[in-house]
Amino acid sequence: MGARAERAGDGVGRRARALLATLLPSLMAVAVALLASGVVVLLAGGDPVAAFAALIGGAFGSLDSLSEVLVKACPLLLTGLAVTVAFQAGVWNIGAEGQLLIGALAMAALGARLGGVPAAAGLPMALLGAGAAGALWAGLAGLLRLRRNVNEVISTIMLNFIALFLVSYLVQGPLMEAGGRYPQTDAVVDSLWMPRFVPPYRVHLGLAIAGLLAGGVSVLLYRTRAGYEMRAAGLNAAAARLAGIPVERRILLALLLSGALAALAGAIEVSAVTRRLYERFSPGWGFTGIAVGLLGRLSPAGVVVAALFFGALDAGSGAMQRVAGVSSVLVSVIQGAVIFFLVAFERKR
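Along every chain, residues carry numbers that run from 1 in the direction the sequence is written. The predicted nature of this model means local features are confined to residues of pLDDT at least 70 and side-chain atom pairs, given and counted, to a pLDDT of 80 or more, with totals for whole chains, interfaces and linings taken over all residues. Excluding hydrogens and water, the side-chain figures rest on all heavy atoms present in the structure.

## Examining the pattern of salt bridges
Definition used for salt bridges: Asp or Glu carboxyl oxygen within 4 Å of a side-chain nitrogen of Lys or Arg. Overall, the coordinates contain six salt bridges when judged by the stated rule. We note a salt bridge from Glu152 to Arg145, for which the minimum N-O separation is 3.0 Å. Connected via shared salt-bridge partners are Arg225, Glu229 and Arg250.

## Thoughts on the packing of aromatic side chains
Here a pair means two rings of Phe, Tyr or Trp (six-membered ring of Trp) with centres within 6.5 Å. Their orientation is stacked below 30 degrees between planes, edge-to-face above 60, and tilted elsewhere. Taken as a whole, this structure holds six aromatic pairs when the rule is applied. Both rings, one in Phe340 and one in Phe341, keep their centres 5.2 Å apart while their planes meet at 80 degrees; by these two values the pair is edge-to-face. Any residue under 20% of the maximum accessible area for its type is buried, any over 50% is exposed, and the rest in between are partly exposed; the area is computed with a 1.4 Å probe on protein chains only. Residue Phe341 is classed as buried on the basis of its relative accessible area, which comes to 19%. A network of ring pairs unites the aromatic residues Tyr278, Phe281 and Trp285 as a single cluster.

## A closer look at unusual backbone geometry
For the bond from Pro199 to Pro200, the omega torsion is 10 degrees, close enough to zero to count as cis. Relative to the helices and strands, Pro200 resides in the loop between helix 6 (152-172) and helix 7 (205-223). One non-glycine residue with positive phi stands out, namely Asn149, at about 55 degrees. Secondary structure elements are defined from DSSP: runs of H or I of at least 4 residues count as helices, runs of E of at least 2 residues count as strands, and each element is numbered from the N terminus. Along the chain, the position of Asn149 falls in the loop between helix 5 (119-148) and helix 6. In this model, Leu298 sits at a positive phi of 55 degrees, which is unusual for a non-glycine residue. With respect to the helices and strands, Leu298 occurs in the loop between helix 11 (285-295) and helix 12 (300-324).

## Quick look at helix 4 (residues 96-111)
Here helix 4 spans 22 Å end to end across 16 residues, near enough to the 22 Å set by a 1.5 Å rise per residue. The buried count for helix 4 comes to 14 of 16 residues, which makes it a mostly enclosed element. Multiplying one less than the number of residues by 1.5 Å gives the expected span of a helix.

Structure follows, in C-alpha cells:
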C-alpha cells in the first residue's frame, strides 16, 4: 500500500515537473514582456507602476470589467483554437483573420434574412452556415496545397486580403444598410441576437459555445484517432505516411476545422456584440489568435488561459490610458513582446 502510494506520488511529481517545463517559456515570456513594457513606459516619462495598476484595475476592478474581459476573450479563444488545430497538423494557417471575416459576413447576410425562422432554429442555422462558409474558405488553401503544392502561408495570407476587400465591397454595395448612410449591413434580426447571461453585462452565450468547442478540440486532438493522425502528420509527415496515415486528408480536415472555428468567432461577434458587419470590423482577432495559440503552447487548455490574458490586456487598456495617461497602444507592444520573447526562449531550449 505504502509502495503504491509512493509510486503514485512520483507519477504526480513527474507530471507536475513536465507541466512546469512546458509552461516555463510562456511564463518567462510574459514576465519579461511586462518588464520590457514597463521600461518603455518609464523611458517615455510615464509611471509604469501606475500604468499596470490601472491596467489591472480596468480588467478586474468591477463586475463590468470582468464581463468585458470575457467578451474580448471570446473571439481570441476561437481564433486561438483555429490556429491550434491547424498548427498541430503542421499546417501554417495564417488566414484566421480572413476566415473570421467570412464567418461574420455569412452571419450578417443570413441574419438579415432569417426573420421568419424561430430563434431556437435560426441562430444554430446561422452559426452552422457561418462555420461552413469559413471551412470552405480555408478549404481553398487546402486544395491549393494538395493539388498545386501552393504553400498555405502564402495562400492563406492572400485569402485574408481577398476577404477584407470582399467585405469592404459588399458593405458599400449589395449588402449596404437600407438607409444607405454608412458602409455597414442592416442589423441581424432580433431573434438571432445571441442571449446575454446577466444583462446589462455583455457576457453572452458565445463564450459558453467557445468553451465547449475548446473541450471538443481537446477531445478531438488527444482522444480520437483522427486527432492522433493529425498530430502525427504535424510532427513528421513522412513518418506518418510510412505508418499508413492519410496525411493529405488529415491536413485538409485540419484546415476545414480551423476555418470553421475562426468563422464562428466572427459570426458570434456579429450576433452577440455588434449586431451588424462594417468595414474594419475586426481589430485583428485572427492575427492575435496566432499569438494566443503560441502562448497557449498549442494546447486547448493553454489557449483558454492565453485568450483570457489577452482579453484582460484589451479590456484594461482603456483604463490605463484614462487613469495613468499611458496610451492603450502599449497593449499591442506587450502582445508583440510576448511573442518575441517566447520565440527567443524556445530557441534557447
